[in-house]
Amino acid sequence: MTRISALGHHQPEHVMTNEDLTRLVDTSDEWIVRRTGISARRIARDESVTDLAAAAAGKALAGSGTDPAAIGQVIVATCSAIDRVPSIAAQVAGRLGIPDAVAFDLNNGCAGFTTALATADHTVRAGAARHALVIGAEKMSDVTDWSDRTSCVLLGDGAGAAVVSAGEADGIGPVVWGSDPARRDAVRMRDAWQPRFAQDGQSVFRWATTELAPFAREACERAGIGTHDLAGIVTHQANLRIIEALVRQLDAPQAVVAQDVVESGNTSAASVPLALAKLVERRAVPAGAPVLLFAFGGGLSWAGQVVRCP
């Protein structure tokens, strides 16, 4: 059986407010808040995706008390990394003194972390590793078109990480995941050698608010949890309107709902672990309580599972 033994998160120091964005594009704080719920985001000036990932992973590793030599797998979920070889995961392993783990990057867009968490869960259950380090890290500012007011107001930088360990009690529920390749271009990186984030915002909004709730409920059912029993819900922090619409359909009156998007923006694959780590850090959700993780985005893809808070 598996569990999340510790979490960690890291964000750059520089805060970009909505007022700052009005100096770049024709927008306003009122327009951004009304359409997205976002008031600020963090932007990395001198930090790379590897820097962000290593900082979050180091905190998770220290919190778990796990010897770096015991980590058998390192996965970094990212869609914004410029480095291809060596992978960000290999670089993080080197920085943290993890000697011989299998290390690789995984790109499933904004659903990357929950996909990577399921991958690590399966690895540990299969006995191929006893401990795995799973990281979601993005420097979306590197791939932002700062002249496009529909997308530049959304994106931010950051990282979150989790240590997945073998345990005597089940702390990670079965994954529900999939994709809709027919709509694969709704969220995309254009211009291959100078990638820029782009999306069909209305199409993504309709898809996320009308088609995803059944998959989130299925993740609860597969974990043997009713939505009324959830102590927390952490969805991909895409847009506050999407989060609120999705949560309304789940009927989970006791759940604390993560709304980190308000202060962090959309950090793609980093958004779920970043928001979860913050909830746990301030003990908004008790240790051992069930929390639904559910992410969605480019592909169009989704992945989610119920976890027990460390």
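Placed above this text is the structure.
Quick look at the structure, then. Since the structure is predicted, the reported quantities are computational estimates derived from the model, not experimental observations.

### Description of the overall build of the protein chain
- Helix and strand counts for the protein chain stand at 11 helices and 14 strands.
- What you see for the protein chain is a C-alpha radius of gyration of 18 Å, in line with the 19 Å of a compact globule of 310 residues.
- Over its C-alpha atoms, taken along the principal directions, the protein chain stretches across nearly 55 × 45 × 40 Å.
- Pairs at least 24 apart in sequence give 77% of the contacts found in the protein chain among residues at least 6 apart.
- Surface summary for the protein chain: the accessible area is close to 12,200 Å², and the carbon and sulfur share equals 49%.
- Across the protein chain, the mean location of the 28 positive side-chain charges is 3 Å away from that of the 34 negative side-chain charges.

### Here's the deal with the packing of helix H3 (residues 49–64) against helix H4 (residues 88–96)
- Contact pair H3 / H4: the axes reach a minimum separation of 9 Å and the direction vectors enclose 50°. For the element pair H3 / H4, the angle class is oblique. Crossing handedness for the pair H3 and H4: right-handed. Residue-level inspection shows Val-49, Thr-50, Asp-51, Ala-53, Ala-54, Ala-57, Gly-58 and Leu-61 of H3 in contact with H4, the latter providing Ile-88, Gln-91, Val-92, Arg-95 and Leu-96.
- Residues belonging to the contact of H3 with H4 are distributed by class as follows: eight nonpolar, three polar and two charged.

### Side note on unusual backbone geometry
- Pro-86 follows Val-85 through a cis peptide bond whose omega is -5°.
- Looking at the element boundaries, Pro-86 is found in the loop between strand E4 (71–77) and H4.
- Between Gly-299 and Leu-300 the backbone carries a cis peptide bond, its omega angle lying at -25°.
- Its location among the elements puts Leu-300 in the loop between strand E13 (290–297) and strand E14 (301–308).

### As for the sheet that holds strand E7 (residues 157–166)
- A sheet is described by the order of its strands in space; here five strands give the open sequence E1-E7-E6-E4-E5, paired in mixed fashion. The outermost strands of the open sheet, each flanked by one partner alone, are strand E1 (2–10) and strand E5 (102–106). Each strand axis lies, on average, 15° off the axis of its neighbour in the sheet, ignoring direction.
- Of the pairings in the sheet, the one linking E4 to strand E6 (residues 131–139) comprises six bridges and is parallel in character. Residue pairing across strands places Ile-75 opposite Val-134, the latter belonging to E6.
- Each of E1, E4, E6 and E7 touches H3; the most contacted strand, E1, lies at about 130° to it.
- Helix-sheet contacts for helix H5 (residues 112–125) involve E1, E4, E5, E6 and E7, and the interaxial angle to E4 is about 165°.

### Points about the sheet that holds E13
- Pairing is mixed across the open sheet formed by five strands, whose spatial order is E8-E14-E13-E11-E12. In the strand order of this sheet, the two ends are held by strand E8 (176–179) and strand E12 (256–257), each with one partner.
- The pairing of E8 with E14 spans four bridges and is classified as antiparallel. Across the sheet, the residue bridging to Gly-178 is Trp-302, located in E14.

### Digging into the environment of Phe-104
- Summarising the element assignment, Phe-104 is placed in strand E5.
- Expressed as a C-alpha distance, the spacing of Phe-104 and Gly-127, which sit 23 residues apart in the sequence, is 18 Å.

### Some words on the pairing of E7
- Burial analysis of E7 places 10 of its 10 residues in the buried class, the great majority of the element.
- Of the two faces of E7, the one holding Asp-157, Ala-159, Ala-161, Val-163 and Ser-165 and the one holding Gly-158, Gly-160, Ala-162, Val-164 and Ala-166 are both buried throughout.
- Where E1 lies against E7, eight bridges are found, and the strand directions are antiparallel. Looking at the pairing, Ile-4 lines up with Val-164 of E7.
- Examined bridge by bridge, E6 and E7 share nine bridges and lie antiparallel to one another.

Thresholds applied
Residues numbered from 1 in each chain as written. Predicted model: local features only at pLDDT ≥ 70, side-chain atom pairs only at ≥ 80, totals over all residues. Heavy atoms only, no water. Helix = DSSP H or I, 4+ residues; strand = E, 2+ residues; numbered from the N terminus. Rg over C-alpha atoms; globule rule 2.2 N^0.38 Å. Contact = heavy atoms within 4.5 Å. Areas by Shrake-Rupley, 256 points an atom, 1.4 Å probe, with all protein chains shown as cover. Lys, Arg positive; Asp, Glu negative; His and termini not counted. Charge placed at Lys NZ, Arg CZ, Asp CG, Glu CD. Axes fitted to C-alpha atoms, helices over the stretch in contact; angles between N-to-C directions. Parallel < 35°, antiparallel > 145°, perpendicular 65-115°, else oblique. Left-handed = near helix turned anticlockwise from the far one by under 90°. Nonpolar A, V, L, I, M, F, W, Y, C, P; charged D, E, K, R; others polar. Pairing = 2+ DSSP bridges. Buried < 20%, exposed > 50% of the residue type's maximum accessible area, 1.4 Å probe, protein only.

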